[in-house]
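Listed below, chain by chain, are the residues.
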Amino acid sequence: MEDKIRWGILSTGHISKKFADALAILPGAELAAVASRNIETAGKFAEKYSVPKVYGSYEELADDPDIDVIYIGTPHTFHLRNSVMCMRKGKAVLCEKALTINAAEAREMVRVAREENVFLMEAMITRHVPLIKKVLGWINDGRIGEVRMVKASRCARGVFPPGARQMNPELGGGSLLDVGVYVISFASMIFQKPPVETVALGHIGDWGSDEQGVAILKYENGEIADLSFALRTAAVNEAYIFGTEGYIKIEDVFAVPTKASLFIDRVESANIEEPITGNALNYEAEEVMRCLRAGLKESPFMPLDESVQIMEIMDNIRKPWGLVYSNDNRL
Ligand SMILES: NC(=O)c1ccc[n+]([C@@H]2O[C@H](COP(=O)([O-])OP(=O)(O)OC[C@H]3O[C@@H](n4cnc5c(N)ncnc54)[C@H](OP(=O)(O)O)[C@@H]3O)[C@@H](O)[C@H]2O)c1
C-alpha cells in the first residue's frame, strides 16, 4: 500500500472544517496537523477532528518536516502571503479560491512555486467533481457541435454579520472573488483560452464591496460567456453550454453539480446523474494526492497559468467599478 499523504490545515474557519471532514473519508490521506493564529482555536479544531499536532502559528506548521502538503483556508487577501511562506519551506500547497486578489499576486505565487519546484493548485472544486468530467466528455465527443456560448450563474443568498469575510473589502470580500470566480473559471475551462473582450457591471453594496455583478466575455472566434454572480440574491445556480448542434444544461447546484442534460433540437436526448461523495472537497484533495504521487508540480485539471488568467479576467471586470482591495498595490 502507498504511504499516506500527510496534510496540514492552515487556519480553522468554515472551509477548513469542511476540508477536515473531506480528508476524513479520503483513503490515503492523513490529517497530521492544524495551525491557527491562536493555539486555543487550533486545540479545539484538533479535538473535534482528531488532529495529532497543533500549532499556534502558521509558520510552525510550515516548519514541520512531517507534513507533505498544506491546505490554505484563509481569506483571499492572505493567500499569497500564506502560500509563499509554506512553499518557501518546501511544502506543497492547495490554496483556496480565488487564488489571490489580483493577477500580480497570482503571478508571484506561481513564480515562487516554480522557483521552489513545489506543487501548487488553486482549490477550484467544480473542476474535480465527477459530473463535470462527463460533461467535458460530451463536448469532446462533439455531441453539441462547436461550442459557441456559455451561460452560468453562481449566486449565494448569504445573511452575513457585519464585517464577515464574504463582504469585507479589507479581506477581499465581495461577489466577484467569492463566487464570481466559479463561473469565470467555468467559462475558462470550456473555452480553454483567455477572452479578448470583457464587459461587466457590478453593484457596490453598503458594505463597500461588490454585492452582485454580471460579466460578458468574448473570445477570439466570437464565442461568448454570459456570467452572473451575487452574494445576497436568491438566483438559480445553473450553467448552460450552447453549441452549433445542441446544448448542455448543468442543473442547480452549480458549482458542485450532480445532474446534467443534453438537448438536441430542444429535445432532451441524454442525461447524467453523478452523486457527490462526501462534501466534494475530497475530490480536489484526491487530485492533489494523485499529482504528488505522480511527481507533478501542477494539476492538468487546474493549471497554474490558467489560474493566473482567471485573476487577470477578474482584474479587468472590476477595473471600471473602481473596486480596490486592501493589498491591491502591494506588489
Ligand atoms: N471551496 C469552497 O466551497 C469554499 C467555500 C467557502 C469558502 N472558500 C474559500 O475559503 C477561504 C476562507 O473562507 P471561509 O469562509 O472559511 O472564511 P472564515 O470562516 O472567515 O475563515 C477564515 C480563517 O482564516 C484565518 N484568518 C487569518 N487571518 C484572518 C483575518 N485577518 N481575518 C479573518 N480570518 C483570518 C482564521 O483562522 P485562524 O483564526 O485559525 O487563524 C479564519 O478562521 C476563502 O478564500 C474562500 O473563498 C471556499
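Asker: Residues and numbers for helix H8 (residues 281-294), please.
Answerer: Taking 1.5 Å of rise per residue, 14 residues should cover 20 Å, and H8 covers 20 Å from first to last C-alpha, within 8% of that figure. A positive phi of about 75 degrees marks glycine 295, the residue just after H8.

Asker: How would you summarise the site of the ligand if you had to cite specific residues and measurements?
Answerer: Taken together, 20 residues surround the ligand, and among them Thr12, Ile15, Ser36, Tyr58 and Lys97 come closest. Contact between the ligand and threonine 74: an oxygen atom at 3.4 Å from a main-chain N or O atom of the residue. With respect to the ligand, the side chain of arginine 165 contributes an N or O atom lying 2.9 Å from an oxygen atom. Mapping the ligand onto the cavity grids shows that it belongs to the largest pocket. Of all elements in the fold, only helix H1 (14-24) and helix H7 (175-191) reach the threshold of two or more residues within the shell around the ligand. Here the residues of the shell around the ligand sort into six nonpolar, nine polar and five charged.

Asker: Please set out the pattern of salt bridges residue by residue, giving values where relevant.
Answerer: The tally for this structure, following the rule as stated, stands at 24 salt bridges. Of the charged contacts in the structure, one is a salt bridge between arginine 6 and aspartate 68, with a shortest N-O distance of 2.9 Å. Placement of arginine 6 in strand E1 (residues 5-10) and of aspartate 68 in the loop between helix H3 (58-63) and strand E4 (69-72) is noted, with a sequence separation of 62 residues between them. Each of the salt bridges in this network shares a partner with another, and the network as a whole consists of Arg6, Lys53, Asp64, Asp66 and Asp68.

Asker: Could you give me a rundown of the packing of aromatic side chains, with the residues and numbers involved?
Answerer: Summed over the entire model, instances satisfying the criterion amount to nine aromatic pairs. A ring pair is formed by phenylalanine 19 and tyrosine 71, whose centres lie 3.8 Å apart and whose planes are at 0 degrees; its orientation type is stacked. Here tyrosine 71 lies in strand E4 and phenylalanine 19 lies in helix H1, a separation of 52 residues in the sequence. On the basis of relative accessibility, which here comes to 0%, the residue tyrosine 71 falls in the buried class. Plain terms: the ring middles of tyrosine 240 and phenylalanine 242 are 5.6 Å apart, the flat faces sit at 10 degrees to each other, and that makes the pair stacked. Classification of tyrosine 240 by relative accessible area gives buried; the value is 18%. The rings of Tyr240, Phe242, Tyr247 and Phe263 are connected pair by pair, giving a single aromatic cluster. Lying across the ring of phenylalanine 301, lysine 133 places its NZ or CZ 3.5 Å from the centre.

Asker: Residue-level account of the domain arrangement of the protein, with values.
Answerer: The domains assigned to the protein are domain 1 (5-124 + 283-300) and domain 2 (130-275). The C-alpha centroid of domain 2 is placed 26 Å from the C-alpha centroid of domain 1. Between domain 1 and domain 2, the contact holds 11 residues from the first and 11 residues from the second. Surface buried jointly by domain 1 and domain 2 totals about 930 Å² across both partners, of which 67% is contributed by carbon and sulfur atoms. Together, His76, Lys97 and Met124 form the three largest contributors to the area buried by domain 1 at its contact with domain 2, with a combined 48%. Summed over the shared surface of domain 1 and domain 2, the number is one salt bridge. As a salt-bridge pair, aspartate 178 and lysine 97 come within 3.8 Å of each other at their nearest N and O atoms. Counting across the interface, domain 1 meets domain 2 through two residue pairs in polar contact (both at pLDDT 80 or more). Taken together, the residues of the side of domain 1 that touches domain 2 break down into six nonpolar, three polar and two charged.

Asker: Please provide a residue-by-residue account of the layout of surface pockets, values included.
Answerer: For the largest pocket, the calculated volume is near 1,100 Å³. Elements with a contribution of two residues or more to the lining of the largest pocket: H1, helix H4 (79-88) and H7. Within the lining of the largest pocket, the residues separate by chemical class into 17 nonpolar, 15 polar and eight charged. Taken together, domain 1 (5-124 + 283-300) and domain 2 (130-275) each give at least three residues to the lining of the largest pocket, which thus spans both. Reported here for the second largest pocket is a volume of approximately 190 Å³. Taken together, Asn102, Ala104, Asp315, Arg318, Lys319, Gly322, Leu323, Val324, Asp328, Asn329 and Leu331 form the lining of the second largest pocket. The residue inventory of the lining of the second largest pocket, partitioned by class, reads four nonpolar, three polar and four charged.

Asker: Can you tell me about helix H5 (residues 103-116), naming the residues and giving the values?
Answerer: Compared with the 20 Å implied by 1.5 Å per residue over 14 residues, the 20 Å span of H5 between its first and last C-alpha is a close match. For H5, the set of buried residues is Ala103, Glu105, Ala106, Met109, Val110, Val112 and Ala113. Structurally, H5 contributes buried residues whose contacts are with H4, strand E5 (92-96), strand E6 (120-123) and helix H9 (304-318). Its side-chain oxygen at 3.3 Å from the backbone nitrogen of alanine 104, asparagine 102 defines the N-terminal cap of H5. Where H5 ends, the next residue or the one after it, asparagine 117, has phi of about 55 degrees, a positive value.

Calculation notes
Residues numbered from 1 in each chain as written. Predicted model: local features only at pLDDT ≥ 70, side-chain atom pairs only at ≥ 80, totals over all residues. Heavy atoms only, no water. Helix = DSSP H or I, 4+ residues; strand = E, 2+ residues; numbered from the N terminus. Expected span 1.5 Å × (residues − 1). Near = heavy atom within 4 Å. Polar contact = N/O pair within 3.5 Å; in protein donor to acceptor, adjacent residues only side chain to side chain. 1 Å grid on protein atoms, 1.4 Å probe; cavity = no way out; pocket = protein on both sides within 12 Å on 5 of 7 lines; lining within 4 Å. Sits in = over half its atoms within 2 Å of the grid points. Nonpolar A, V, L, I, M, F, W, Y, C, P; charged D, E, K, R; others polar. Salt bridge = Lys/Arg side-chain N within 4 Å of Asp/Glu carboxyl O. Phe/Tyr/Trp six-rings, centres within 6.5 Å; stacked < 30°, edge-to-face > 60°. Buried < 20%, exposed > 50% of the residue type's maximum accessible area, 1.4 Å probe, protein only. Lys NZ or Arg CZ within 6 Å of the ring centre and 35° of its normal. Domains from an automatic or database assignment. Contact = heavy atoms within 4.5 Å. Buried area = accessible area lost by both parts, 1.4 Å probe. Points joined across faces, edges and corners; volume = space filled by probe spheres on them.

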